[in-house]
Amino acid sequence: EEFFPIFLERNRGRQESTVKKQKTDFKYHIAPYFGECRLQDIRPSDLQRWQDTLAEKLSPNSFKNVRSHFNAIMKAALADERIVTNPFEGIRGIKAEAVNWSWWDAEQTNRFLRFAREHDYQVFQVIAFAIYTGLRPGELRAVLRRDIDWEAGSVWVNRTWCTKTNRTKPRTKTGKPRMVPVPRLVLEGLANLRGLAPDEQLFPFLWNSWGCKRFKPVAEKAGLPPIKLHECRHSFASQCIMAGMSMVEVKELLAHRKIATTIDTYTHIADRHKVRSTDRLLQGADWGTSGSVIPLKKEHNTFR
């Protein structure tokens, strides 16, 4: 506990949301176990027991974040020569199981949007925009009217909304701005928003609970399995792959840092449609429908 403020001071300049998360993780998940311990008395076996206990309480992502913050503290203590070795080097992290996510195919998307347009136009606008651009929820929240090129049919994505600070961050998750095409039909559905001031957000109402309170009920009334707002992004990527786009194209649209992320996340969708991909190679071919057919040679077995 005495070293933690020193650690924070030496890492001053980090994003406010990161510091806030480090303080929360330390208070609830690190200090109760090790707050009174001397740094040099913490052993790998202690950390292993701590990991096992914590992994039962937290989600895989939360556990990974807490472990990462604790490891950063111990690395700082090592650099400050307060400990001889980092005890985290003696143990491995707990491998998290792959997260199962849901998505809608083109038919389900069409069915939902047809229903939502008649029953909740605001939900219709958000989901149509989300599911045909693949933007992250924070990026959706941060889109301004001036980011839309209504004539060219595109959206400029160069910022995101931070739910922890309730402020816009002037960069995307990967720090890489991008231009994403927006189908003309989707822009027609947003026509009433063209009158907004240039710096007004298109969807300022997208808070954390919006998906449960507004999106989910409409999906259920439409007779569809509900998906989360972020899973509109998965639906976009999956439908792009099903439509024949390459993983490289999908990677660029999603703004993944590495192609491996795209492949690891969507390879099962791609595998399911390999046959359809090879069929496209034969589009326009007419060599199989004319001329005589040569039958396959049939071998006859002799039985005694």
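It should be noted that the structure appears before, not after, this text.
Here is what the cut-offs are and how they apply
Residues numbered from 1 in each chain as written. Predicted model: local features only at pLDDT ≥ 70, side-chain atom pairs only at ≥ 80, totals over all residues. Heavy atoms only, no water. Buried < 20%, exposed > 50% of the residue type's maximum accessible area, 1.4 Å probe, protein only. Helix = DSSP H or I, 4+ residues; strand = E, 2+ residues; numbered from the N terminus. Pairing = 2+ DSSP bridges. Core = buried A, V, L, I, M, F, W, Y, C linked by side-chain atoms within 4.5 Å. Patch = residues over 30% accessible without salt bridge, like charges linked within 9 Å, V, L, I, M, F, W, Y side chains within 5 Å. Areas by Shrake-Rupley, 256 points an atom, 1.4 Å probe, with all protein chains shown as cover. Salt bridge = Lys/Arg side-chain N within 4 Å of Asp/Glu carboxyl O. Lys, Arg positive; Asp, Glu negative; His and termini not counted. Charge placed at Lys NZ, Arg CZ, Asp CG, Glu CD. Axes fitted to C-alpha atoms, helices over the stretch in contact; angles between N-to-C directions. Left-handed = near helix turned anticlockwise from the far one by under 90°. Contact = heavy atoms within 4.5 Å. Nonpolar A, V, L, I, M, F, W, Y, C, P; charged D, E, K, R; others polar. Polar contact = N/O pair within 3.5 Å; in protein donor to acceptor, adjacent residues only side chain to side chain.

Chemist: Summarise the pairing of strand β5 (residues 178–181); cite the residues concerned and give the values.
Modeler: Walk down a regular strand and you will see the side chains alternate between the two sheet faces. Burial of β5 is one-sided: the residues Arg 178 and Val 180 facing one way are buried, the residues Met 179 and Pro 181 facing the other way are not. Note that strand β2 (residues 154–157) and β5 share four bridges and pair antiparallel. Note on β5: the bridge partner recorded for Ser 154 is Pro 181.

Chemist: How would you explain unusual backbone geometry if you had to name every residue and give the values?
Modeler: Unlike most non-glycine residues, Asn 166 shows phi in positive territory, near 55°. Within the fold, Asn 166 resides in the loop between β3 (160–162) and β4 (167–169). Here the phi dihedral of Ala 255 falls at roughly 65°; this positive angle occurs in a residue that is not glycine.

Chemist: How would you summarise the pairing of β2 if you had to cite specific residues and measurements?
Modeler: Direction of pairing for strand β1 (residues 148–149) relative to β2: antiparallel, over a ladder of two bridges. What sits directly across from Asp 149, in β2, is Ser 154. What sits between the antiparallel neighbours β1 and β2 is a turn of four residues, in which Gly 153 has the positive phi angle 75°.

Chemist: So what about the nonpolar core? Which residues, and what values?
Modeler: Within the largest apolar cluster, 37 residues are counted, with the highest numbers of intra-cluster contacts made by Phe 112, Ile 127, Phe 129, Val 155, Phe 215 and Leu 229. Those elements that place two or more of their residues in this core are α5 (106–119), α6 (121–131), β2, α8 (184–189) and α9 (210–221). Take this core: its biggest share by element is eight residues, from α6. Counting 22 residues, the second largest nonpolar core, distinct from the first, contains Ile 30, Phe 70, Ile 83 and Phe 88.

Chemist: Can you lay out the sheet that holds β5 for me, pointing to particular residues and giving the numbers?
Modeler: Read from one edge to the other, the open sheet built from three strands follows the order β1-β2-β5, with strand pairing classed as antiparallel. The open sheet has two edge strands with one neighbour each: β1 and β5.

Chemist: Any chance you could break down a positive patch on the surface for me, citing the residues and the numbers?
Modeler: Side chains of Arg 171, Lys 173, Arg 257 and Lys 258 sit close together on the surface and give a patch of like positive charge. The topology assignment puts Arg 257 in the loop between α11 (247–254) and α12 (259–272). Here Arg 257 falls in the exposed class, since its relative accessible area comes to 59%.

Chemist: I'd love a proper account of the packing of helix α2 (residues 16–34) against helix α3 (residues 44–57), names of residues and values included.
Modeler: When two helices pack together, their arrangement is given by the angle between the helix axes and by the axis-to-axis distance. At their nearest, the axes of α2 and α3 sit 12 Å apart, and the two run at 145° to each other. The two elements α2 and α3 cross, and the hand of that crossing is right-handed. Touching His 29, Ile 30, Tyr 33 and Phe 34 of α2 are Asp 46, Leu 47, Trp 50, Thr 53, Leu 54 and Lys 57, all from α3. The residue makeup of the contact of α2 with α3, split by class, is six nonpolar, two polar and two charged.

Chemist: Describe the side chain of Asp 25, and please don't skip the residues or the numbers.
Modeler: Structurally, the position occupied by Asp 25 is in helix α2. For Asp 25, a relative accessible area of 3% translates into the label buried. Polar side-chain contacts of Asp 25 include one of 2.8 Å to the side chain of Lys 21.

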